[in-house]
Every structure is written in structure tokens, then in C-alpha cells.
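Residue-level listing of the chains:
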Amino acid sequence: MAERYHPETAAVHAGRVIDPGTGAVAPPIHLSTTFERDPDGSYPRGYSYSTFDNPNRAWLEDAITQLEGGAAAIATSSGMAAIAAVLSALKPGERVIVSYDLFQGTARLLNDQLRQWGIAVDVVDVTRLDEVAAAISPQTRMIWIDTPSNPLIRVTDIAGVVALARPKGVRVAVDSTFATFVLQRPLDHGADVAVYAATKYIAGHSDVVNGLAVFREKGALYERARAFQINVGLTPSPFDCWMVHRGLRTLPHRMRVHSRNAQAVSEFLEGHPRVARVYYPGLGSNEGWQIARRQMPAGCGGMLSASVKGGRAAAIGTVARVKLFTRAASLGGVESLIEHRASSPIQTRGQGTGFTLPDDLLRLSVGIEHADDLIADLDQALDGNWAP
Ligand SMILES: *Cc1c(COP(=O)(O)O)cnc(C)c1O
């Protein structure tokens, strides 16, 4: 269905069911943990126990599978759980290639768990295809890409990495949280799996923690992740699945506004005398601009970062003055957030990836307010900092 309709239409209808018992147009939430068997012991309606499967989870998985153009999906209790489920396909002695600016939670998972389980991690700059090619060894089984990445919003050429990986039997996983299917469908570029913190844009209202992984084939990678989801109990609640599914229906419209606003804010910041550098792939000055134009033609999403002139004190001062932006971590909600990244409790620097964060960096999650109001707020926050 997602192939026949525009994304706006597909998002409203994907995984949609009219409740056969009541005719309810909005899907019911099935809290039941267990489902009735027939006299012959079978489960004719397909559900037995909620850890194995649940209607709300199944509808959400069905919806994201269609919207990403995949073959199967798993919904999990968090974005990290989806990432862990995908990485669980790796066996002792195998290697995974990651980027130095890998999402910090994924870096912690690799360092604290996967290394202990005998999986080796090779750290490169994944935006540089020559570095990726040089890092592939006979033991390499997976390349992990975050695109756009956190917190410098760097863009990786998914098809370029796939072209290096596929002939060697190496899987490519893409954390596409900052983009979503609206802006970029990793499977279309040849990736084996697209992974999401649905906590962010997909749910979109900063009120639910959830994860999704969508697979190009219903093969071994999917089967391993599905088994991990069930065996470890990474199962999301029916209510959370219902919330995420609701978010999906408005996602195309929200993503376009996030992108348009972030484009306007990044252009404003780039021209501001108090700003040293802006990191946003929608800017012609950005290293990833050419790839982004091809890979994310509908827009570059709502995440951007900026270095302010005056170092750490000026960065913290700017954040202290905002009135409309909220000072908070996380991203992807309708409301705009700003954060001095280097002092965030969530930012654990480096984590074995050798990446040090600039001290003057502000990270912005641009919401769906009017761009002019956001720009005015940033303008007064930046100027006030330098008032005589
Ligand atoms: C937030 C985030 C995650 C982790 O998601 P949780 O739901 O917090 O577990 C993974 N990847 C990216 C890019 C994220 O922003």
C-alpha cells in the first residue's frame, strides 16, 4: 500500500483496522496478556500470550513495515532495545564497524555488553568510504551507520557503504532516527535494517519510549532480532504501541515542518555574528550537502547544532536566555529543545570512540512552532549574551 500512495496517505492508513466487534474507527487498546484457545487447543485468531504477540504491537509493526518498504519489523520497549535486538545477530569472534560519532547509547551498549560477549568493534569515520573499505576484514559482519548523526548532524552515503559491504556479505544497519521514512528510506538504498528510537520523531510528542527495527528481508537477521525481542522480553506495552502508531499518522506533515523550520533556523544562525559555525546538512556549506540532496530530497529533518563565539561560557549563557525553546535533552517532539551538549548528563564523552565534543556546541531540536518565533528567541538569547 505504501508503494501506491503518497507518504501522507500511506501514513494515515498503514496498519489500520476497523474493529470488527464494534466498528470503532480508532483502534482499541488490547491490554489482555493472554488469548483464548479453541476446544481443539489452537489459537485461531493468531494471538496466544502478549510477550509473543499483541494486536497493537502487530498493527504497529505492520504499519512501519509498509511505510519503510520492508519485509518485516519488530517493535520494542525502547530505541536501545531495537538496537540491541539487531546487534544480537553478531556472534563471538565477529566484528562490527561503527563511526566515531556513533549515538552514545549504542557506543555504551557495544563497550559494556557486546565487547564482553566477544564481539570486536572497529571505529572509523563512516562518512569516509575509503576508511570503511579499509576496515572491512573477513570477520566483519555488520556496518552500523547513524545518518544523520548526533550531535554534528553528519550524513553518510548509505548506498556507498552498501556497495562496499554487500559483495563481502556484510550487513548494513542504519539508525535513521533523525530522518524517519518521510525523509529517507534506508532499505531503498540497500540497507538490511532501519532502526528507530520511535521515542523521538515517530511518536513525536515527547511522551513515550519505544523502538522499531524494519528489515529488508524476512531472513536470519530478522529471525535473530525477533527471537531476542521475545526471549529477553523487550516487548513494548500495548498502550505505547498505540501511541507510536498514532504518531505515525501525522509524521509526514510534522517532518516537513521540522525540516522547513530547521532549514530557516540554520540559515539564520549561519548569518548571525555571534555564531561561529552551524552544522546542518541542508546548508550548502555542509560537507554532507550533496549526499543529503540525493538521499534526503524532501528535507534534512529538525536536528541541528551550532558553535557560538565566546566558548563554553557564551554557549551556556545563550541557553540560559531562551524563552521559547526548552532546555532539555532528547529530540523529535513538537516543541523546540536546546541543550549545551558538553554539559548534558546524557552526553558521556568519547565512550571509547575517541570523539570529544566541542565545548561551545549547542544542539537544537527544532519543533513545529512558527520559524519566525524560534528565530526571534534565538536572536535575543544570542544578543543578550553580549549586551554591554
Ligand atoms: C534516542 C536515540 C536512541 C535511543 O532511543 P531510546 O528510546 O532512548 O532507547 C537511539 N538512536 C538515536 C539516534 C537516538 O536519538
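Small disclaimer: the values here were computed from a predicted structure and weren't measured.

Examining the domain arrangement of the protein
Next up, step 1: Looking at the protein, the domain boundaries give domain 1 (7-248) and domain 2 (252-386).
Next up, step 2: Each of domain 1 and domain 2 has a C-alpha centre, and these two points are 26 Å apart.
Next up, step 3: Domain 1 puts 38 residues into the contact, and the matching count from domain 2 is 44 residues.
Next up, step 4: Summed over the shared surface of domain 1 and domain 2, the result is two salt bridges.
Next up, step 5: Taken together, the connections running from domain 1 to domain 2 amount to 12 residue pairs in polar contact (both at pLDDT 80 or more).
Next up, step 6: Listed by contribution, the elements that provide at least two residues to the side of domain 1 that touches domain 2 are α1 (7-13), α4 (104-114), α6 (158-165), α7 (180-183) and α9 (238-270).
Next up, step 7: Among the residues making up the side of domain 1 that touches domain 2, the classes are represented as 21 nonpolar, 13 polar and four charged.

Quick look at the sheet that holds strand β2 (residues 95-99)
Hydrogen bonds between backbone atoms are what pair the strands of a sheet, whose relative direction is either parallel or antiparallel.
Next up, step 1: Strand order in the open sheet formed by seven strands is β1-β7-β6-β5-β4-β2-β3, and the pairing between neighbours is mixed. Bordering the open sheet on either side are β1 (72-76) and β3 (120-124), each of which pairs with just one other strand. Averaged over all neighbouring strand pairs, the angle between strand axes comes to 20°, with direction disregarded.
Next up, step 2: With five bridges connecting them, strand β6 (residues 193-197) and strand β7 (residues 211-215) associate as antiparallel partners. From the neighbouring strand, A197 faces β7, where its bridge partner is G211.

Things to note about the sheet that holds strand β8 (residues 275-279)
Next up, step 1: One open sheet holds the five strands; their spatial order is β8-β9-β12-β11-β10, and the pairing between them is mixed. A strand with exactly one partner marks an edge of an open sheet, and here the two such strands are β8 and β10 (326-327).
Next up, step 2: The sheet contact formed by β10 and strand β11 (residues 337-340) spans two bridges and is parallel. Across the sheet, the residue bridging to T326 is L337, located in β11.
Next up, step 3: Against the sheet, α9 contacts β8, β9 (303-308) and β12 (361-365), and its axis sits at roughly 10° relative to β9.

With respect to the pattern of salt bridges
Next up, step 1: One pass over the structure, following the stated rule, counts 15 salt bridges.
Next up, step 2: Here R45 makes a salt bridge to E36, at a shortest N to O gap of 3.7 Å. For the pair R45 and E36, one class covers both residues: exposed.
Next up, step 3: A salt bridge links D125 to R154; the nearest nitrogen and oxygen atoms lie 2.7 Å apart. With D125 in the loop between β3 and α5 (129-135) and R154 in the loop between β4 (140-146) and α6, this pair connects stretches of sequence that are 29 residues apart.
Next up, step 4: Sharing partners across several salt bridges, the network here consists of R57, E61 and R226.

Quick notes on the rules
Residues numbered from 1 in each chain as written. Predicted model: local features only at pLDDT ≥ 70, side-chain atom pairs only at ≥ 80, totals over all residues. Heavy atoms only, no water. Domains from an automatic or database assignment. Contact = heavy atoms within 4.5 Å. Salt bridge = Lys/Arg side-chain N within 4 Å of Asp/Glu carboxyl O. Polar contact = N/O pair within 3.5 Å; in protein donor to acceptor, adjacent residues only side chain to side chain. Helix = DSSP H or I, 4+ residues; strand = E, 2+ residues; numbered from the N terminus. Nonpolar A, V, L, I, M, F, W, Y, C, P; charged D, E, K, R; others polar. Pairing = 2+ DSSP bridges. Axes fitted to C-alpha atoms, helices over the stretch in contact; angles between N-to-C directions. Buried < 20%, exposed > 50% of the residue type's maximum accessible area, 1.4 Å probe, protein only.

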